[in-house]
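Listed below, chain by chain, are the residues.
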Amino acid sequence: VSAPVHAPAHLSRAPAMAPLRLLWVCLATALAARALGAGAVADPAGPTGECNEPACAGRPPAPVLLQRSSALALRADAAGASEAAAQLWSSASRLQAGCGWGHCVVPAGEHWVLDTSIHVETLTVQGKLTWDTSKDDLELKAGYVLVDSGGHLQVGTRDAPMDRKAIIYITKGPHSHPEFGHRFFGGRGSAKIDIHGRELKRTWTLLSRTAAAGSTVLHLKDDPAALGWRAGDRIGVATTTPHTKRGESTVHTVASVGSRSLTLNEPLRAEHWGGLREIAGRRFEMAAEVVNMERSVLITGDHDDIQWTGEGLHTMMMGSGYMDMRYARVEHCGQRPLMGRYCLHFHVMRRCPRCVFQGNAVVGSEHVGITVHGTHGALIDQNVLWDSKAVGLYVEDGNEMDNTISNNAVICSVATRCSVPWLGKNGLNAGIYLIGMTNDVIGNHVAGWENGMWTPGSASGNGQGRATMKVCPQYLPFGTIRGNVMHDNQRFGLYLDNQFPRNLRRDSDGYVEDISQCNEFTHDGKDNGVVPANVVEDEFDWHNIFVGQYAMGDVSFLRYTGVNNAVSLYWKASKNFADGQSVHLRDSLFAQLPLDPYRQSKLGILGPSGPFTFLMKNVSFVGGSGSDGAAIHAGQHCGRVGAGGPCNVQYLLEKVDFTDMASSLRRINFGTDTLDAAGEVLPVFLSNDDSLGGHRSIVSQYLNGFDKVSGCSKAGAIWDNGYACDRAIRRLNVWSKDDLGQVTLSGPGYDVAPDVSTETPAGPLRGMNAGRMYWERMHKGYGAPVVVGERYTLSGAWKGGEAIELSDEVLQRSSAGADAIELDVKGGGCQVKASDRRDFIGPFGLKT
């Protein structure tokens, strides 16, 4: 079915065309009267303009134009006016007002006020259509509503919102549009859409007390009456029970509103945490979100078959205009089989500071809840997204910049309900899913999803859609990421995967001006990591399985808090900061509370490996239980795909506090689920204060030759039975594009017989205690720890082109003296220093 035919151009031209205009109106009125009159011979198209008879074959539906009265048109034309005063829909003739079952057009230059409910086939607004905010329970029902270029649809304003009930209802039907498809509410070109429902001061709050199963009273952090909440509102209560205990977020109806409380019609089915939980004098607000899903403006539609078709209505704004939608409820929405058919959607709006989705409730969608696509400078704030299938909030292509995504509550009642395949993506489900990284993500809460907030990085490494090959999402600088809360997600909470932001120049549409800027190094071999480093601030994650990422560099966590996650920080590969001063983990806290039904929770972090220094400053560990585990596990998955290597990473601890941690737990651990024994042998822990119990360096228990080094001795179980030294120990790496076979390091720490019989948890020791070094195939290098200031010898079947690297400048700056060793290679000697140039050497080895 073709799109509605637009009004004849002469109808909105200068007054000289008035006779033709009047003639057209009169003919349309006469035809309608004939078609509607008793016994009249009907036009084969029918009074609605719909083609129902054989005689109509091939004809498009004719529009029914919302016109002024003839007398009004004559007066306006005679006066030379281009637009008449606003006219009430209800005051016009039957043809003009209701359009019957026609395809209605509000012509350019016309201003109509919708003061009565209507049901039409389709509605196209080319002029202005204003909703009468004094009328309650009005309904606009149509197969689609299009605000065309130059048109304006207004349902309330910010100063005078639609406080009464208003319904936009999109019906199923045969009508479609070449750009928007079918069953839609949207605008294009220079169209303007303003929808302002009754304002809520907050759309969600938190429980201030734990609510028991069977309870009908919720105690809230905020006064619901002051927020604008009312009896009869539908509210949702987020789960705080882990998925392993079949936790579920549930919907209820408010029976009455009290002072900082709600009474519900339906009792809670499970316990929901509220208020603060305390351990060792520290308090954590581990509380369920309570979200309000009631709005005065409702956008809804037919949905009898939505469960098996996956299709409801969709909304979309495209072009150079804007959509400003606040405090509306959108339900039965999304068309999951189709790309771009989302519940709320800014589509290639480019720079659009007037584009706003604020305070809306998107409920029970079949596709993405809110999508920002090719749009910059928009505001996505205080929205409630409940049970959005696939993804809650989506930043689509990768070029999107400067959007503010703030204070949204994204809740899935059960993770499996939202985790569905979409657009060929299987298993890529999250409450917030970002391809475009240069956006501000502030104060959002995500609960009950498979993943909380996921930035997939290399999964869309060249961008998507229009941005393909014009951006590099895993290398895009971050916007502000601050104050987000992720809890009770089935897999990751925060999941910033494969992100290495770099120094990029971008045009006004977010495209990288020179794609070579995405490279790891500058043209002269310097680190291209973003300066200053990006920061993730005030993140709070609890009751998730994982938090963190597989690989990430030049990003710092500041004031991060992880409580009762199975793994509160998961990290496999990283690098030194290009700015030379940032810290991987700073002013942060990890805690494990007792008496938590989330039995998977552990205290420790699983840290990365690779040729760099992992920096921790002012970090505390609190609580914990049992004797299995440690606070800091170094070198997770070293040697495996996706992890850093070689395994001789350096961990530098400054003001790391284990005081309030369970005494039975180890403070440190060498290696976690590594490919072979190298992960258990090669990491090094370092400190210049008392973070390591006064020790300056600790190496693995398997390097028994360090027992012979002056200043080193066996440490206790809390230090993973390593060898603690009062001397500086640093990593030594040999980079080679070829496997040279076994390379042997001789010198202090390795003057012992090779141990080939001991089995580490990851495999046989293979003589590494005596300096035997093995090629790490993924990063093409060898590694081992050495004592600063000593002399060593390297022997191997050299082929030429190898590079040798000692430690890095990060540790050099923290040392009292110069970090250097004397090294004999091929019968000759040289001094290797931490201050040496290391052009084209990075976390993934030597760039050749």
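The coordinates are above.
If you're wondering where the values come from, they're calculated on a predicted model, not measured in any experiment.

(A) Highlighting the packing of aromatic side chains. Summed over all chains, the structure comprises 31 aromatic pairs. Ring centres of Tyr-144 and Phe-184 lie 4.5 Å apart, and the angle between their planes is 15°; this geometry places the pair in the stacked category. In this pair, Tyr-144 is assigned in the loop between strand 8 (138-142) and strand 9 (145-147) and Phe-184 in strand 14 (residues 184-187), connecting sequence segments 40 residues apart. Residue Tyr-144 is classed as buried on the basis of its relative accessible area of 1%. A centroid spacing of 5.7 Å and a plane angle of 65° characterise the contact between Phe-500 and Phe-844, whose relative ring orientation is edge-to-face. Here the residue Phe-500 occupies a position in the loop between strand 43 (492-495) and strand 44 (534-537), and Phe-844 occupies one in the loop between strand 70 (841-842) and strand 71 (845-846), the gap between them amounting to 344 residues. Members of the aromatic cluster, each reached through a chain of ring pairs, are Phe-557, Tyr-560, Trp-571, Phe-590, Phe-612, Phe-614, Phe-621, Tyr-651, Phe-658, Phe-670, Phe-685 and Trp-719. A cation sits over an aromatic face here: Arg-202 above Trp-204, 4.9 Å from the ring centre. The residue whose ring lies beneath Arg-502 is Tyr-475, and the NZ or CZ to ring-centre distance is 3.8 Å.

(B) Representation of the pattern of salt bridges within the structure. A complete count under the given rule lists 40 salt bridges for this structure. Two residues, Lys-165 and Asp-137, come together in a salt bridge whose shortest N-O distance is 3.9 Å. You can see Lys-165 sitting in the loop between strand 10 (152-155) and strand 11 (166-170) and its partner Asp-137 sitting in the loop between strand 7 (128-131) and strand 8, a full 28 residues away along the chain. You can call Lys-165 partly exposed: its relative accessible area is 41%. By relative accessible area, which is 42% here, Asp-137 ends up partly exposed. As a salt-bridge pair, Arg-282 and Asp-660 come within 2.8 Å of each other at their nearest N and O atoms. A residue pair is termed long-range when its members are at least 10 positions apart, and Arg-282 in strand 22 (residues 282-284) and Asp-660 in the loop between strand 54 (650-657) and strand 55 (666-672) qualify at 378 residues. Look at Arg-282 and you get partly exposed, because its relative accessible area is 23%. Three or more residues are tied together by salt bridges with common partners; here these are Glu-248, Arg-269, Asp-387 and Arg-417.

(C) Representation of the state of the cysteines in the model. For the coordinates displayed, the defined rule picks out six disulfides. Here Cys-472 is linked by a disulfide to Cys-518, with a sulfur-sulfur distance of 1.9 Å. Residues Cys-472 and Cys-518 are joined by a disulfide whose S-S torsion is about -75°; by sign, that bridge is left-handed. Highlighted residues: Cys-472 in the loop between strand 40 (453-454) and strand 41 (481-482) and Cys-518 in the loop between strand 43 and strand 44, separated in sequence by 46 residues.

Basis of the calculations
- Residues numbered from 1 in each chain as written.
- Predicted model: local features only at pLDDT ≥ 70, side-chain atom pairs only at ≥ 80, totals over all residues.
- Heavy atoms only, no water.
- Phe/Tyr/Trp six-rings, centres within 6.5 Å; stacked < 30°, edge-to-face > 60°.
- Helix = DSSP H or I, 4+ residues; strand = E, 2+ residues; numbered from the N terminus.
- Buried < 20%, exposed > 50% of the residue type's maximum accessible area, 1.4 Å probe, protein only.
- Lys NZ or Arg CZ within 6 Å of the ring centre and 35° of its normal.
- Salt bridge = Lys/Arg side-chain N within 4 Å of Asp/Glu carboxyl O.
- Disulfide = S-S within 2.5 Å.

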